[in-house]
Amino acid sequence: MRVLGVDPGLTRCGVGVVEGVAGRPLTMLGVGVVRTPADAELGDRLVAIERGIEAWLDEHSPGYVAVERVFAQHNVRTVMGTAQASAVAMLCAARRGIPVALHTPSEVKAAVTGSGRAEKAQVGAMVTRLLRLDAPPKPADAADALALAICHIWRAPAQNRLQQAVAAHRAPSASRTQATPGISRTPGASRTPRTAGTTGAPRTSGTAPAPGASATPRTSDASRTPRTLKGPTA
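Everything in this summary refers to the structure shown in the same document. Not measured: the values here are computed from a predicted model.

The rules behind these values
- Residues numbered from 1 in each chain as written.
- Predicted model: local features only at pLDDT ≥ 70, side-chain atom pairs only at ≥ 80, totals over all residues.
- Heavy atoms only, no water.
- Helix = DSSP H or I, 4+ residues; strand = E, 2+ residues; numbered from the N terminus.
- Contact = heavy atoms within 4.5 Å.
- Core = buried A, V, L, I, M, F, W, Y, C linked by side-chain atoms within 4.5 Å.
- Buried < 20%, exposed > 50% of the residue type's maximum accessible area, 1.4 Å probe, protein only.
- Pairing = 2+ DSSP bridges.
- Expected span 1.5 Å × (residues − 1).
- Axes fitted to C-alpha atoms, helices over the stretch in contact; angles between N-to-C directions.
- Parallel < 35°, antiparallel > 145°, perpendicular 65-115°, else oblique.
- Left-handed = near helix turned anticlockwise from the far one by under 90°.
- Nonpolar A, V, L, I, M, F, W, Y, C, P; charged D, E, K, R; others polar.

## A few points about the environment of V123
Position of V123 relative to the elements: it lies in helix α4 (residues 120-130). Measuring from C-alpha to C-alpha, the distance between V123 and L146 comes to 9.8 Å, with 23 residues separating the pair along the chain. Beyond its immediate stretch of four places on either side in the chain, V123 contacts K109, V112, T113, D144 and A147.

If you want it as structure tokens, here you go:
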């Protein structure tokens with residue numbers, strides 16, 4: 001796997017190419033920085049970054065491009081410039097059909113040093129050790145670009161397995177949904193009107209019998225034996 005790491009920035013855009021697979025020694029194929037003058041127009045600076053990244057893509061033909069994910073900062077001007085340079089890198093890769101992966105700074109630090117809060121000096125030292133370099137790459141943007149490439153090489157297999165597992169889990173659910181569609185009512189069909197008083201057994205008035213006791217039918221007043229009234233005894 002050959003990955004071009006891009007640490008986006010308007011003034012200094014770090015780039016680095018690493019080749020290898022997870023679990024085996026990695027090899028650095030190139031590292032550098034695409035620079036633009038701070039006093040130039042924004043459009044001209046973005047064009048210069050595009051040309052620089054295109055030159056690296058032409059020279060190394062990477063299979064993947066790993067770009068640092070932009071996160072919120074207190075300096076809005078800085079984060080806007082970083083986002084614009086990041087968009088240029090993704091555009092250059094997408095135009096060639098190269099897959100682009102985004103990694104946050106904490107993900108890169110954790111992958112390279114084991115701690116998501118590592119300092120830049122620690123990242124540079126681990127990049128030097130992992131790539132068997134004589135000295136840490138300078139400036140720090142170049143080392144960060146190599147760290148991005150290393151991070152993607154190590155994280156890509158796990159991410160691919162996770163995506164495959166999610167896709168396999170969703171496939172049976174989608175097939176069941178297509179096999180058992182919901183019951184739909186025919187448009188324009190009218191319901192059969194219910195006739196009042198025709199459904200259900202009529203309720204019998206009177207007191208309900210106690211539970212477990214058999215109900216004795218009440219005798220109507222007409223069938224009762226008339227009672228004889230006794231007069232006064234003489």
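## What about the nonpolar core?
One broad trend across soluble globular proteins is that nonpolar side chains are buried collectively. Ranked by internal contacts, the top residues of the largest apolar core, which has 19 residues, are L4, V6, I49, I53, L57 and V65. Contributions of two or more residues to this core are made by β1 (2-7), β2 (12-19), α1 (42-60), β4 (64-68) and α2 (76-95). Among the elements that take part in this core, α2 stands out by supplying 5 residues, more than any other. Setting aside its immediate chain neighbours within four residues, I49 contacts G9, L10, C13, V34, T36, A85 and V88. In this structure, A66, L131, I150 and C151 belong to the second largest nonpolar core, which totals 16 residues.

## Notes on unusual backbone geometry
Negative phi characterises most residues that are not glycine, and trans characterises most peptide bonds. In this chain, K138 is followed by P139 through a cis amide linkage whose omega measures -5°. The topology assignment puts P139 in the loop between α4 and α5 (140-179). In this model, S61 sits at a positive phi of 45°, which is unusual for a non-glycine residue. Note that S61 resides in the loop between α1 and β4. For R132, which is not glycine, the phi torsion reads 55° and is therefore positive. Along the polypeptide, R132 turns up in the loop between α4 and α5.

## As for the environment of V31
Along the chain, V31 falls in strand β3 (residues 27-35). Along the sequence, V31 and G14 sit 17 residues apart, while their C-alpha atoms lie 7.8 Å from each other.

## A closer look at the pairing of strand β5 (residues 100-103)
Side chains A101 and H103 project from β5 onto a buried face, and the interleaved V100 and L102 project onto a face without burial. Inspection of the sheet shows β4 paired to β5 by 4 bridges, in the parallel sense. Each bridged residue has a counterpart across the sheet, and for V65 the counterpart in β5 is V100.

## Side note on α2
Helix length check: α2, at 20 residues, gives a terminal C-alpha distance of 28 Å against a target of 28 Å (1.5 Å per residue), a fit within 8%. Of the positions making up α2, those classed as buried are V79, G81, T82, A85, S86, V88, A89, C92 and A93. Summarising the contacts, the buried residues of α2 are in contact with β1, α1, β4 and β5. With its phi angle positive at about 75°, G97 sits one or two positions after the end of α2.

## A few points about the packing of α1 against α2
Contact pair α1 / α2: the axes reach a minimum separation of 9 Å and the direction vectors enclose 40°. Accordingly, the angle class assigned to the pair α1 and α2 is oblique. Crossing geometry of α1 relative to α2 is assigned as right-handed. Of the residues in α2, those touching α1 at L42, L46, I49, E50, I53, E54 and L57 are Q84, A85, V88, A89, C92, A93 and R95. Residues belonging to the contact of α1 with α2 are distributed by class as follows: 10 nonpolar, 1 polar and 3 charged.

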